[in-house]
Amino acid sequence: MKQIIFFAACFIPLLWTACGGDKPKEAADTVPKGMVAKELKPQGLPLKINIPDSTFGLAVISETPEGVEVKVGALYDIIVNSASAEESDAMKYKPIVAASDELPKKFTDSSATDLRWEINLGDRTLCHFYHIVKIDNTTYYVRDNMNNTDNEFKKENIDKMLISAKSLRAIPPPAPKS
């Protein structure tokens, strides 16, 4: 009889906890100070990304032929898009970048997910980046908008854009209605 009472004393609190009405809480969506989270769903990507807040400039998010452009002020301009087979591995994409124009490039970071390079134009140095993110079964890339000839990014600008690129994540599904 003592064993049954002991078993019940141990089992009932576990049963009470397991059947409780508390729902698991979703992990908080962490957004660092000075940044805001923006959804790219209106532009066709089921993603969210942290970008500089309005103190950095006005945010403009638009669809372009290259992908979704996220521009904030004059020193932040990125492209987000789903990656093709050759774009889904930075080391395979590196030769494409190297051959993209006649300007000599110095790669400062090369890994399976990141490329960073500089182009020295004598009195100025232009910096660029390319980042790969795998979310669920899809691979996306985030890169600086090097197609805009007005963009001349320094290392500090690229650092801020790369922080954003690394924050790319899926939009969590809506909570089930009770």
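Preceding block: the structure.
Residues numbered from 1 in each chain as written. Predicted model: local features only at pLDDT ≥ 70, side-chain atom pairs only at ≥ 80, totals over all residues. Heavy atoms only, no water.

Undergrad: Tell me about the environment of Lys41, residues and numbers included.
TA: The residue Lys41 is located in the loop between strand 1 (35–39) and strand 2 (47–52) in this model. For Lys41 and Ile171, which are 130 residues apart along the polypeptide, the C-alpha to C-alpha distance reads 8.4 Å. Here Lys41 is in contact with Leu47 and Ile171, once residues within four sequence places are set aside. (Helix = DSSP H or I, 4+ residues; strand = E, 2+ residues; numbered from the N terminus. Contact = heavy atoms within 4.5 Å.)

Undergrad: Give a detailed account of the nonpolar core, specifying residues and quantitative values.
TA: Counting 23 residues, the largest nonpolar core has Leu40, Leu47, Ile78, Val80, Phe129 and Leu168 as its most contacted members. For this core, the secondary structure elements donating two or more residues are strand 2, strand 4 (67–72), strand 5 (77–82), strand 8 (125–135), strand 9 (138–144) and helix 3 (155–166). Beyond its immediate sequence surroundings of up to four residues, Leu168 is in contact with Leu40, Leu47, Lys48, Ile49, Val80, Val133, Ile135, Tyr140 and Val142. Ala90, Val97, Ile119 and Tyr141 belong to the second-largest nonpolar core, a separate cluster that totals 12 residues. (Core = buried A, V, L, I, M, F, W, Y, C linked by side-chain atoms within 4.5 Å. Buried < 20%, exposed > 50% of the residue type's maximum accessible area, 1.4 Å probe, protein only.)

Undergrad: Kindly report on the side chain of Lys105, identifying the contributing residues and their values.
TA: By the element assignment, Lys105 lies in strand 6 (residues 105–110). A polar contact is formed between the side chain of Lys105 and the side chain of Asp101, at a distance of 2.7 Å. A distance of 3.0 Å separates a polar atom in the side chain of Lys105 from the backbone oxygen of Leu103. Here Lys105 is in contact with Val97, Ala98, Ser100, Trp117, Glu118 and Ile119, once residues within four sequence places are set aside. (Polar contact = N/O pair within 3.5 Å; in protein donor to acceptor, adjacent residues only side chain to side chain.)

Undergrad: Which residues make up unusual backbone geometry, and what are the values?
TA: Most peptide bonds take the trans configuration, and most residues that are not glycine carry a negative phi. Not every positive phi belongs to a glycine, and Asp136 is a case in point at roughly 55 degrees. Here Asp136 shows up in the loop between strand 8 and strand 9.

Undergrad: Account for the sheet that holds strand 2, naming residues and giving values.
TA: On the basis of which strands lie adjacent, the open sheet formed by three strands has the order 1-2-10 and antiparallel pairing. A single partner strand is all that each edge strand has here, and the edge strands are strand 1 and strand 10 (169–170). Where strand 1 meets strand 2, five bridges bridge the pair, whose relative direction is antiparallel. Residue Lys38 lies in a different strand from strand 2, and its bridge partner there is Ile49. On the sheet, helix 3 packs against strand 1 and strand 2 and is oriented at approximately 155 degrees with respect to strand 2. (Pairing = 2+ DSSP bridges. Axes fitted to C-alpha atoms, helices over the stretch in contact; angles between N-to-C directions.)

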